[in-house]
Amino acid sequence: MSRPTDFIPFHRPSIGRLEEEAVLSVLRSGWLTTGEITLRFEREFAELAGVEHALAVSSATAGLHLCLEAAGVRENSKVATSPYTFAATAEVIRYMGADPLFVDVEEDSCNLSPPLLEQALAREPSVSAVVPVHVGGLPCRMDEILQIAGARGTPVIEDAAHCLPRRGQKGAPGTLGAMGVYSFYATKPITTGEGGMVVTRHGELARRMSMMRLHGIDRDVWNRYASSEPSWYYEVQEPGFKYNLTDLASSLGRVQLRKSEGFYLARRRIAGRYLEGLADLDYLRLPPDQADHSWHLFQIRLDLSRLELDRDRFIDALMERGIGVSVHFIPLHLMPYYRRTYGLRERDFPHSMRCYRETISLPIYPGLGEQQVERVIAAVRELGARFYKKR
Ligand SMILES: Cc1ncc(COP(=O)(O)O)c(C=O)c1O
């Protein structure tokens, strides 16, 4: 299928002159890897998120791994999460030698279901952590999740890969559990190309993750050049990982962080226009218009009983009309590894299946122009009208 010349990509990062200058200045500084710029990025991020500790890492996947390690997740224990997520959330559980305990999502939000979590924890005494995922930046029902996990003393690690560190009424999603992780992957609300940030209020957890992030060395390598001890000296306390973020990436991140509120407002405007322009269509379910939604994704749900085409054909037709869309997510219980290893079946997670079969993510990013947004709306409406099921 050849793409029209005015194809609207699903995503384009918003990178400008300030980012270019920031990266150039690091390139010219003589210090490329983790250093002063990363420390500043961490401080600024912590301040914006309203949290005591922020640790820059090479990816959210690395960050999730550090969190599980710091939480003391044991081999052969279980970590509860939902299957409606990206591969990273569950693979880090396997890194620890633990097993994912997949718990189905709520049918409407596609986020981890608190009642199903409660049932799963009652059945499974060996759950050593709970990892809710705020899909698309729509926060999970954290009050309930924290209460259910807290009653058993089980730490909650938030996969906030899709969230911005914006403070909600009760704090930013990502800062509510014991630890939380944001992603700066190329398509995320702010980007460093690859990268992530771990946040926590707990000094002990922060110290552990800071050490494990860099080979298990008990002080930051760049401090070697500032401290009174000889600069060549360090001690390895644990066999740690290589998960630090470079100053090159952090320089990008600092500029993006300063722009993050503007980015959010731009996405919020697009979401508002989609919500308005698609509101009257009875074959669509739209996301809730919540103030604490980061609007990383704008996910529409098709009512397949009212349409003569399925989700995949709807996507093909949008692509033919020059509109790049995506699907978040293919549930992990459908993936060969998890099916094979844990004997999972489609019918074990009916809500995740339904979310998967009905969902399409529309383009939403600051560089998307008003006319492009109108084109997306018009294409969805045109397809719905054309393939509306006659009763
Ligand atoms: C829900 C979720 N968690 C974790 C990740 C991993 O993020 P990263 O690519 O920064 O490792 C992603 C990436 O897309 C994601 O969507």
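Draft legend 1. Spatial organisation of the nonpolar core. Core analysis: the largest hydrophobic core is formed by 55 residues, its most contacted members being Tyr274 and Leu362. Top element by residues in this core is helix H8 (residues 247–277). It accounts for eight residues. Taken domain by domain, this core gets at least three of its residues from each of domain 1 (17–257) and domain 2 (260–386). Leaving out residues up to four positions away in the same chain, Leu362 has contacts with Phe10, Tyr274, Leu278, Phe298, Ile300, Val325, Val376 and Val380. Counting 28 residues, the second-largest nonpolar core is a separate cluster that includes Leu66, Val73, Ile93 and Phe241.

Draft legend 2. Seen up close, the pairing of strand S6 (residues 179–183). For S6, the tally of buried residues reaches five of five residues, placing the bulk of the element in the interior. In S6, alternate side chains face the same way, and those of Met179, Val181 and Ser183 on one face and Gly180 and Tyr182 on the other are all buried. When strand S5 (residues 157–159) meets S6, the two strands line up parallel, connected through three bridges. Paired with Ile157 across the bridge in S6 is Met179. In this sheet, strand S7 (residues 196–200) lies alongside S6 in antiparallel orientation, the contact comprising five bridges. Considered in S7, the bridge of Gly180 is made with Val199.

Draft legend 3. Examining the pattern of salt bridges more closely. Following the criterion strictly, the structure yields 33 salt bridges and no others. We note a salt bridge from Glu107 to Arg285, for which the minimum N-O separation is 3.0 Å. In this pair, Glu107 is assigned in the loop between strand S3 (99–102) and helix H5 (114–123) and Arg285 in strand S8 (residues 284–285), connecting sequence segments 178 residues apart. A salt bridge links Arg141 to Glu144; the shortest N-O distance between them is 2.6 Å. Accessibility expressed as a relative area gives 34% for Arg141, which makes it partly exposed. The network of salt bridges with common partners includes Glu107, Arg285, Arg301, Arg354 and Glu358.

Draft legend 4. Structural view of the environment of Arg311. For Arg311, the location among the structural elements is in helix H9 (residues 311–320). For the pair Arg311 and Tyr356, spaced 45 residues apart in the sequence, the C-alpha separation amounts to 9.1 Å. Within the structure, Arg311 has its side chain in polar contact with the side chain of Asp312 (distance 2.9 Å).

Draft legend 5. Examining the side chain of Thr192 more closely. When you line up the elements, Thr192 lands in the loop between S6 and S7. At a separation of 2.7 Å, a polar atom in the side chain of Thr192 contacts the main-chain carbonyl oxygen of Glu194. Discounting chain neighbours no more than four positions away, the residues touching Thr192 are Phe41, Phe184, Leu245, Ala249, Leu252 and Gly253.

Draft legend 6. Region of the structure containing the domain arrangement of the chain. Taken as a whole, the chain is organised into domain 1 (17–257) and domain 2 (260–386). Using C-alpha coordinates to define each centre, domain 1 is positioned 26 Å away from domain 2. Facing the 36 residues of domain 1 at the interface are 36 residues of domain 2. With both sides pooled, the region where domain 1 packs onto domain 2 buries about 3,000 Å², and carbon together with sulfur makes up 58% of that total. On the domain 1 side of the contact with domain 2, Tyr84, Glu107 and Arg166 bury the most area, a combined 23% of that side's loss. In this structure, Glu107 engages Arg354 in a salt bridge whose closest nitrogen and oxygen atoms are separated by 3.5 Å.

Draft legend 7. Representation of the packing of aromatic side chains in the model. Enumeration over the complete set of coordinates arrives at 14 aromatic pairs. Consider the rings of Tyr337 and Tyr338, whose centres lie 4.8 Å apart with planes at 85°: the pair is edge-to-face. With a relative accessible area of 7%, Tyr338 lands in the buried category.

Draft legend 8. Fine view of the sheet that holds S5. Within the open sheet, the four strands sit side by side as S1-S7-S6-S5. Their pairing is mixed. Both outer strands of the open sheet, strand S1 (53–57) and S5, are each paired with one neighbouring strand and no more. Taking each pair of neighbouring strands and ignoring which way they run, the sheet shows an average axis angle of 20°. Across the sheet, helix H2 (residues 36–49) lies against S1, S6 and S7, angled at about 135° from S1, the strand it touches most.

Draft legend 9. Representation of the packing of H2 against H8. Here H2 crosses H8 at 30°, and the two axes come no closer than 8 Å. Classified by the angle their axes make, H2 and H8 are roughly parallel. The way H2 lies across H8 gives a crossing that is left-handed. Of H8, the residues touching H2 (which contributes Glu36, Ile37, Thr38, Arg40, Phe41, Glu44, Phe45 and Leu48) are Asp247, Ser250, Ser251, Gly253, Arg254, Leu257 and Ser260. Broken down by class, the residue content of the contact of H2 with H8 amounts to five nonpolar, five polar and five charged.

Criteria and thresholds
- Residues numbered from 1 in each chain as written.
- Predicted model: local features only at pLDDT ≥ 70, side-chain atom pairs only at ≥ 80, totals over all residues.
- Heavy atoms only, no water.
- Core = buried A, V, L, I, M, F, W, Y, C linked by side-chain atoms within 4.5 Å.
- Buried < 20%, exposed > 50% of the residue type's maximum accessible area, 1.4 Å probe, protein only.
- Helix = DSSP H or I, 4+ residues; strand = E, 2+ residues; numbered from the N terminus.
- Domains from an automatic or database assignment.
- Contact = heavy atoms within 4.5 Å.
- Pairing = 2+ DSSP bridges.
- Salt bridge = Lys/Arg side-chain N within 4 Å of Asp/Glu carboxyl O.
- Polar contact = N/O pair within 3.5 Å; in protein donor to acceptor, adjacent residues only side chain to side chain.
- Buried area = accessible area lost by both parts, 1.4 Å probe.
- Phe/Tyr/Trp six-rings, centres within 6.5 Å; stacked < 30°, edge-to-face > 60°.
- Axes fitted to C-alpha atoms, helices over the stretch in contact; angles between N-to-C directions.
- Parallel < 35°, antiparallel > 145°, perpendicular 65-115°, else oblique.
- Left-handed = near helix turned anticlockwise from the far one by under 90°.
- Nonpolar A, V, L, I, M, F, W, Y, C, P; charged D, E, K, R; others polar.

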